[in-house]
Amino acid sequence: MKIWKIWIIGVVALFVGCATPEAVSTEFTRNAMLDNLVNNVVLPLNAEFVAQTAVLETAATTFSNEPTSANLEALQNEWRTTSNLWQQAKLYEFDRMMVLHNQIAKSPTDVEFIEDILARNLNNLDESFIESIGSTSKGLPAIEYFIFAADGNEAVLAQLNDESSRMQYMVAATQNLHNKAKELEAYWLPEGNDYANTFINADGGGEQFNSSLSMLANQIVAIIEVGIRDKLGRPLGIAAGDGPHPEEVEAILSGNSLAQLKQNLTTAEIAFTGGEGLGLDDYLDYLEAESDDVLLSQKINDQFAATYAALDAVQPPLKTAVSEDTATVQAAYDEMRKLLVLIKVDMANQLGVTITFNDSDGD
């Protein structure tokens, strides 16, 4: 990963008795960092999510037309890919995006509401109907409810084949999801709310609560804290102190919980490093931030690596690992807590950012 430094370099060329000193100065600016994050990370990620939700919608339609085991498995695989991608895109929830983000994925799914709707045998379960209902009855978690089952794929096929309304609801939910992905993409683009321009130009310091720097740092902290508290802590029974609770695992029907957590870590790391361009790590280097005589950026990058390694040691599915290999899951939890402290305390202090997202399990 790249490391940015501010150098004043004197280049002395000794060539056939001729010396020409030349000074080169490279400036770091928050505006350039935010521009890189938006144009090289967020916008491509939104576009990819739109494309993937279209693929998911097509897979749902194909399965509806020909409900075979092979088509169901293809649909499930596309759901996992879509969900994993969302675990990256969800970090960039700024401004008034909460309602839109919730319509894409809000847990837990209101199963009682969904089953009540299906019991009515309505014939208008189309995309406009899905648009009219609450966030907990649509989006990625609701689609997971329809296409996965604890009893396996035979149970899923039986339900969807026997109940036409269930199949209609599921397909309509994928159509609505695709539309919401397009709305989110448009929110950032000039033809929509042009939030990309707003975000890039809100380049105040960390002491400014509404600056993009402050919001970004808080979102990185939030996604790591949620991972610690909800995705590992609750299944481990940390808060209750009464042993593992595998039923608390996220995306339990699809067995995708561990993959989603890794995607959360990936998006936090990319937000920190800026991908291939300027990121918060470069800003810390510009400020010459250190911890125990080591560059703080390097210390954080090393802890990202340690956390990945700890998560990779957990054998999926997570619902089994929390009970049968508790110590390994606990080790991953501990490594994520170390990462959180470096970002929430050390990085935030160096950048002058006030962290407003609090979680007692993560502190």
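This structure is a prediction, so every number in the text was calculated from the model and none was measured.

Looking at the overall build of the protein
Helix and strand content of the protein: 15 helices and 6 strands. In terms of principal-axis extent, the alpha carbons of the protein reach across some 90 × 50 × 40 Å. The proportion of buried residues among the 363 residues of the protein is 48%. For the protein, the accessible surface area stands at approximately 16,300 Å², while carbon and sulfur atoms represent 50% of it. Side chains of the protein carry 21 positive and 53 negative charges; the gap between the two charge centres is 3 Å.

A word on the side chain of Gln52
For Gln52, the location among the structural elements is in helix H1 (residues 30-65). Side chain to side chain, Gln52 and Glu78 meet in a polar contact 2.8 Å long. Excluding anything up to four places from it in sequence, Gln52 contacts Glu78, Thr81, Thr82 and Leu85.

A look at the packing of aromatic side chains
Counted according to the given criterion, the structure contains 17 aromatic pairs. Between Phe28 and Tyr283, the aromatic rings sit 5.1 Å apart at their centres with planes inclined by 20 degrees, giving stacked as the arrangement. Of this pair, Phe28 sits in the loop between strand E4 (22-25) and H1 while Tyr283 sits in helix H12 (residues 280-286), and the two are 255 residues apart along the sequence. Look at Phe28 and you get buried, because its relative accessible area is 5%. On the basis of an interplanar angle of 50 degrees and a centroid distance of 6.1 Å, the ring pair of Tyr195 and Phe199 is categorised as tilted. With Tyr195 and Phe199 both in helix H9 (residues 195-201), this residue pair falls 4 residues apart, about one helical turn. Across the pair, exposure class does not vary: Tyr195 and Phe199 are buried alike.

A few points about the confidence of the model for the protein
Looking at the protein, the pLDDT average stands at 91 and 91% of residues meet or exceed 70. In the model, residues 1-26 has pLDDT below 50 throughout and makes 43 contacts with residues more than four positions away in sequence or in other chains. Low pLDDT, under 50, characterises residues 359-363; the predicted model gives this stretch 14 contacts beyond four residues in sequence or across chains.

A word on the layout of surface pockets
Its volume calculated, the largest pocket comes out at about 1,500 Å³. Together, 45 residues line the largest pocket, and Lys90, Ala105, Ser107, Val226 and Glu250 are the ones closest to its centre. Residue assignment for the lining of the largest pocket shows that the elements contributing at least two residues are helix H2 (69-89), helix H3 (98-104), helix H6 (139-147), helix H10 (212-236) and helix H11 (257-273). A per-element tally of the lining of the largest pocket places H10 first, with 11 residues. Partitioning the lining of the largest pocket into residue classes produces 21 nonpolar, 12 polar and 12 charged.

Overview of empty space enclosed by the protein
Inspection of the entire model under this criterion finds 1 cavity of 30 Å³ or more. Reported here for the largest cavity is a volume of approximately 30 Å³. Looking at the lining of the largest cavity, its residues break down into 6 nonpolar, 2 polar and no charged.

Things to note about the packing of H2 against helix H7 (residues 153-162)
Running from N to C, H2 and H7 cross one another at 105 degrees; their axes reach a closest spacing of 11 Å. When the axes of H2 and H7 are compared, the pair comes out roughly perpendicular. In this structure, H2 uses Ser69, Leu72, Glu73 and Gln76 to contact H7, whose residues at the interface are Asn153, Val156 and Leu157. Here the residues of the contact of H2 with H7 sort into 3 nonpolar, 3 polar and 1 charged.

Let's talk about the side chain of Lys344
Relative to the elements of secondary structure, Lys344 occurs in helix H15 (residues 326-351). At a separation of 2.6 Å, a polar atom in the side chain of Lys344 contacts the side chain of Glu225.

Concerning the environment of Ala327
As for its position among the elements, Ala327 is in helix H15. Distance in space between the C-alpha atoms of Ala327 and Val314 is 9.5 Å, their sequence separation being 13 residues.

With respect to unusual backbone geometry
For the bond from Ser107 to Pro108, the omega torsion is -5 degrees, close enough to zero to count as cis. Within the secondary structure, Pro108 sits in the loop between H3 and helix H4 (111-119). Following Pro316, the chain continues into Pro317 via a peptide bond in cis, with omega recorded as 0 degrees. Its identity is not glycine, yet Asp292 carries a phi of approximately 55 degrees, on the positive side. In this fold, Asp292 is placed in the loop between strand E5 (290-291) and strand E6 (294-295). For Asp292, a relative accessible area of 64% corresponds to the exposed category. For Asp293, which is not glycine, the phi dihedral falls at a positive 65 degrees. Residue placement: Asp293 occurs in the loop between E5 and E6. According to the relative accessible area criterion, Asp293 is exposed, its value standing at 76%.

Quick notes on the rules
Residues numbered from 1 in each chain as written. Predicted model: local features only at pLDDT ≥ 70, side-chain atom pairs only at ≥ 80, totals over all residues. Heavy atoms only, no water. Helix = DSSP H or I, 4+ residues; strand = E, 2+ residues; numbered from the N terminus. Buried < 20%, exposed > 50% of the residue type's maximum accessible area, 1.4 Å probe, protein only. Areas by Shrake-Rupley, 256 points an atom, 1.4 Å probe, with all protein chains shown as cover. Lys, Arg positive; Asp, Glu negative; His and termini not counted. Charge placed at Lys NZ, Arg CZ, Asp CG, Glu CD. Polar contact = N/O pair within 3.5 Å; in protein donor to acceptor, adjacent residues only side chain to side chain. Contact = heavy atoms within 4.5 Å. Phe/Tyr/Trp six-rings, centres within 6.5 Å; stacked < 30°, edge-to-face > 60°. pLDDT = per-residue confidence, 0-100. 1 Å grid on protein atoms, 1.4 Å probe; cavity = no way out; pocket = protein on both sides within 12 Å on 5 of 7 lines; lining within 4 Å. Points joined across faces, edges and corners; volume = space filled by probe spheres on them. Nonpolar A, V, L, I, M, F, W, Y, C, P; charged D, E, K, R; others polar. Axes fitted to C-alpha atoms, helices over the stretch in contact; angles between N-to-C directions. Parallel < 35°, antiparallel > 145°, perpendicular 65-115°, else oblique.

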